[in-house]
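# Chains, contacts and geometry: an overview
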Amino acid sequence: MNSRYAAWAVGLAALIALPFVYRDPYHLHLLVLILIWSFAYTSWSIMGRFNLVSLGHGGFMGVGAYVTALLWNHLGVSPWIGIPVSMAVAGLLALVVAYPCFRFRITGHYFVLVTLALSGIVLQVITATRDWTGGSLGYTPNRAPSGKGFWALQFDDKITWYLIALGIWVVGLVIWRAVDRSMARYAMEAISEDEDAAAAAGVNVTAEKLKITLISALMTALAGAIYCQYQMFISPDTVSGIAVSLQMVFAVIVGGLYVSLGPTVGAVITILLAETLRIGFGTKAVGWDNLVYGVLLVLFIIFLPKGILGSIAERLKFRKA
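Residues numbered from 1 in each chain as written. Predicted model: local features only at pLDDT ≥ 70, side-chain atom pairs only at ≥ 80, totals over all residues. Heavy atoms only, no water.

### Quick notes on the packing of helix H12 (residues 242-255) against helix H14 (residues 288-303)
Put simply, the test is: Note on method: axes are straight lines fitted to C-alpha atoms, helices fitted across the in-contact stretch only, with angles between N-to-C directions ranging 0 to 180 degrees. Strands here are runs of E lasting at least two residues and helices are runs of H or I lasting at least four, both read from the DSSP assignment and numbered beginning at the N terminus. The scheme is simple: roughly parallel for angles under 35 degrees, roughly antiparallel for over 145, roughly perpendicular for 65 to 115, oblique for anything else. Two helices crossing with the near one rotated counterclockwise from the far one by less than a right angle form a left-handed crossing, whereas a clockwise rotation gives a right-handed crossing. Here, two residues are considered to be in contact whenever any of their heavy atoms come within 4.5 Å of each other. Classification used: nonpolar for Ala, Val, Leu, Ile, Met, Phe, Trp, Tyr, Cys and Pro, charged for Asp, Glu, Lys and Arg, polar for all others including Gly.
Between H12 and H14, the least distance of the axes is 10 Å, while the angle of their chain directions is 40°. On the basis of the axis angle, H12 is oblique to H14. Relative to H14, H12 is oriented so that their crossing is left-handed. In this structure, H12 contributes Ala243, Gln247, Val249, Phe250, Ile253 and Val254 to the contact, and H14 contributes Asn290, Tyr293, Leu296, Leu297, Phe300 and Ile301. Along the lines of polarity and charge, the residues of the contact of H12 with H14 split into ten nonpolar, two polar and no charged.

Here's what the structure looks like:
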């Protein structure tokens, strides 16, 4: 156990030192995107690992991004305040949608359809309110006056954003591990096996499901807000809707649903795939990444259901045994 903690400490120290040793702006940009999306994918995996398959996380991410940007542009509210507000809005939306589902035992593919509708509704609201959000043309947060970059959470330095994204990524892993080691994990595993048996054993099924859903929604909204502040441009297709939700599902399943670093591996694959298509084919490859995600998702579900890291971990356990 001590050797494992030492390995984590050395790895984290290396990641912190990386931007001070290697400063290529493009590669740092890719690393920032990987870390932000890793956090978003980790938030989905917290629900997905307990058979709560949601296609509504694109909605939560969109709420986090747009609420933060709108508060800054129209009311001058700093993102330091706007981000918690956007997370609260996303959390409230999650409770409003999830509570009736869990209270009335809407599970399985019916729950998937409800969350799919949520993601679509958020996308349509963003697109329809184009006078406020810019609609399908996208939205850009206002640039802060000189000297107020910190207050507006706007930094031109890639190293600063890398360290912020790294911190967010670490927080995601800590939350994932906390859930994994908590009693909520055993309660949710019992619920995923048999809700009636879990309830008979004294588990508050609705409360436990709501707890996990709320944690996941808050994390996803935070990822959307950080992504917005880093990119300084958002559009409905990049931070909301079914495409974003499916991207999360693909990345987590490919990386490994039941391994803490699985979503990170999935983020590396999705970001590098998108960049390869963009550089290799340009505008001719618009939308190809979603097609590739779909094909690979089917292949991984059939031939490698535990994902890359999950399969590696299983083989290592088999060899030790």
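### A look at the side chain of Thr115
By the element assignment, Thr115 lies in helix H5 (residues 108-128). If near-sequence neighbours (up to four positions away) are discounted, Thr115 is found in contact with Val53, Ser54, Leu55 and Gly56.

### A word on the pattern of salt bridges
Here is the rule we go by: By definition, a salt bridge exists where a carboxyl oxygen of Asp or Glu is found within 4 Å of a side-chain nitrogen of Lys or Arg. Exposure is judged per residue with a 1.4 Å probe applied to protein chains only, and the accessible area is read against the type maximum: over 50% gives exposed, under 20% gives buried, and values in between give partly exposed.
Using the criterion set out here, one finds nine salt bridges in the structure. Among the ionic pairs, Glu189 bridges to Arg185, the shortest N-O distance being 3.1 Å. Linking Glu189 with Arg185, this pair stays in helix H8 (residues 183-193), spanning four residues, or about one helical turn. On the basis of relative accessible area, Glu189 is assigned to the partly exposed category, the value being 30%. The partner of Glu314 in a salt bridge is Lys306, with the nearest N and O atoms 2.8 Å apart.

### Focus: a positive patch on the surface
Applicable threshold: Candidates for patches are residues over 30% relative accessible area with no salt bridge; among them, like charges are joined within 9 Å and nonpolar side chains (Val, Leu, Ile, Met, Phe, Trp, Tyr) within 5 Å. Only the protein chains shown count as cover for residues, and all accessible areas are computed by the Shrake-Rupley method using a 1.4 Å probe. When charges are counted, Lys and Arg contribute as positive and Asp and Glu as negative, whereas His and the chain ends are disregarded. In this description, the location of a charge corresponds to atom NZ of lysine, CZ of arginine, CG of aspartate or CD of glutamate.
A surface patch of positive charge is lined by Arg4, Arg177, Arg181, Lys317 and Lys320. If you trace the backbone, Lys320 turns up in helix H15 (residues 307-320). Under the relative-accessibility criterion, Lys320 is labelled exposed at 77%.

### What to know about the nonpolar core
Spelled out, the test is: Buried residues of nine kinds, namely Ala, Val, Leu, Ile, Met, Phe, Trp, Tyr and Cys, make up a nonpolar core once their side-chain atoms join them within 4.5 Å.
Membership of the largest hydrophobic core comes to 82 residues, with the highest contact counts inside it found for Trp37, Tyr227 and Ile234. Ranked by the residues each element gives to this core, the list is headed by helix H2 (residues 25-48), at 14 residues. What Tyr227 contacts, discounting residues up to four positions off in sequence, is Leu33, Ile36, Trp37, Met61, Ile234, Thr238 and Val239.

### Describing H12
Test applied: Helix span is expected to be 1.5 Å times the residue number reduced by one.
The end-to-end C-alpha distance of H12 is 20 Å, a good match for the 20 Å that 14 residues give at a rise of 1.5 Å each. Burial analysis of H12 places eleven of its 14 residues in the buried class, the great majority of the element. Inspection of H12 places Val244, Ser245, Gln247, Met248, Val249, Phe250, Ala251, Val252, Ile253, Val254 and Gly255 among the buried residues, and these make up the whole buried set. Downstream of H12 by a residue or two, Gly256 has a phi angle that is positive, lying close to 135°.

### Focus: unusual backbone geometry
Although it is not a glycine, Leu153 adopts a positive phi angle of roughly 55°. One can find Leu153 in the loop between helix H6 (130-133) and helix H7 (158-180).

### Considering helix H4 (residues 79-103)
To keep it simple, the criterion reads: To get the bend at a residue, fit one axis to the 7 residues ending there and another to the 7 starting there, then take the angle between the axes.
Spanning 25 residues, H4 covers 35 Å between terminal C-alpha atoms, matching the ideal 36 Å at 1.5 Å per step. The largest bend in H4 is about 25°, located at Val97, with the proline Pro100 one to four residues further on. Turning to H4, its buried residues are Pro79, Gly82, Ile83, Ser86, Met87, Ala90, Gly91, Ala94, Val97, Ala98, Cys101 and Phe102. On its buried face, H4 sits against helix H3 (57-75), H5 and helix H10 (205-231). One or two positions beyond H4, positive phi appears at Arg105, with a value near 55°.

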